[in-house]
Amino acid sequence: MSKKCMEKTEVYSRVVGYFRPVQQWNKGKQEEFKERTEFEVPLEKLAQ
């Protein structure tokens, strides 16, 4: 098992074709980002 990293990390999100650090967003957009649902596409679906 690996050790936990207790350092702050920078999170990026894609916005209109380019990536931006979420930390630079206004407070409303940051809260909206926290409410997003993440999902994974199975690899077999990507091969189609």
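Below is a short write-up of the structure.

Rules and cut-offs
- Residues numbered from 1 in each chain as written.
- Predicted model: local features only at pLDDT ≥ 70, side-chain atom pairs only at ≥ 80, totals over all residues.
- Heavy atoms only, no water.
- Helix = DSSP H or I, 4+ residues; strand = E, 2+ residues; numbered from the N terminus.
- Buried < 20%, exposed > 50% of the residue type's maximum accessible area, 1.4 Å probe, protein only.
- Lys, Arg positive; Asp, Glu negative; His and termini not counted.
- Charge placed at Lys NZ, Arg CZ, Asp CG, Glu CD.
- Phe/Tyr/Trp six-rings, centres within 6.5 Å; stacked < 30°, edge-to-face > 60°.
- 1 Å grid on protein atoms, 1.4 Å probe; cavity = no way out; pocket = protein on both sides within 12 Å on 5 of 7 lines; lining within 4 Å.
- Points joined across faces, edges and corners; volume = space filled by probe spheres on them.
- Nonpolar A, V, L, I, M, F, W, Y, C, P; charged D, E, K, R; others polar.
- Pairing = 2+ DSSP bridges.

Quick notes on the overall build of the chain
Turning to step 1, where the next piece is worked out: If you tally the helices and strands in the chain, you get two helices and two strands.
Turning to step 2, where the next piece is worked out: Helices (α) and strands (β) of the chain occur, in sequence order from the N terminus, as β-β-α-α.
Turning to step 3, where the next piece is worked out: C-alpha extents for the chain along the principal axes are approximately 40 × 35 × 20 Å.
Turning to step 4, where the next piece is worked out: Scored against the burial criterion, the 48 residues of the chain give a buried share of 10%.
Turning to step 5, where the next piece is worked out: Across the chain, 10 positive and 8 negative side-chain charges occur, with their mean positions spaced 4 Å apart.

Focus on the packing of aromatic side chains
Turning to step 1, where the next piece is worked out: Taken as a whole, this structure holds one aromatic pair when the rule is applied.
Turning to step 2, where the next piece is worked out: Taking the centre distance of 5.6 Å and the plane angle of 90° together, the rings of Trp-25 and Phe-33 count as edge-to-face.
Turning to step 3, where the next piece is worked out: We classify Trp-25 as buried; its relative accessible area is 12%.

Section: the layout of surface pockets
Turning to step 1, where the next piece is worked out: Each pocket or cavity is described by its volume, and for the largest pocket that value is around 160 Å³.
Turning to step 2, where the next piece is worked out: Split into classes, the residues belonging to the lining of the largest pocket amount to three nonpolar, three polar and three charged.

Re the pairing of strand β1 (residues 12-15)
Remark: a regular strand shows side chains that alternate across the two faces of the sheet.
Turning to step 1, where the next piece is worked out: Bridge count for β1 against strand β2 (residues 18-21) is four bridges, and the pairing is antiparallel. Residue pairing in the sheet places Arg-14 in a bridge with Phe-19 of β2.
Turning to step 2, where the next piece is worked out: Hairpin remark: β1 followed by β2, antiparallel, with two residues in the connecting loop; positive phi at Val-16, about 45°.

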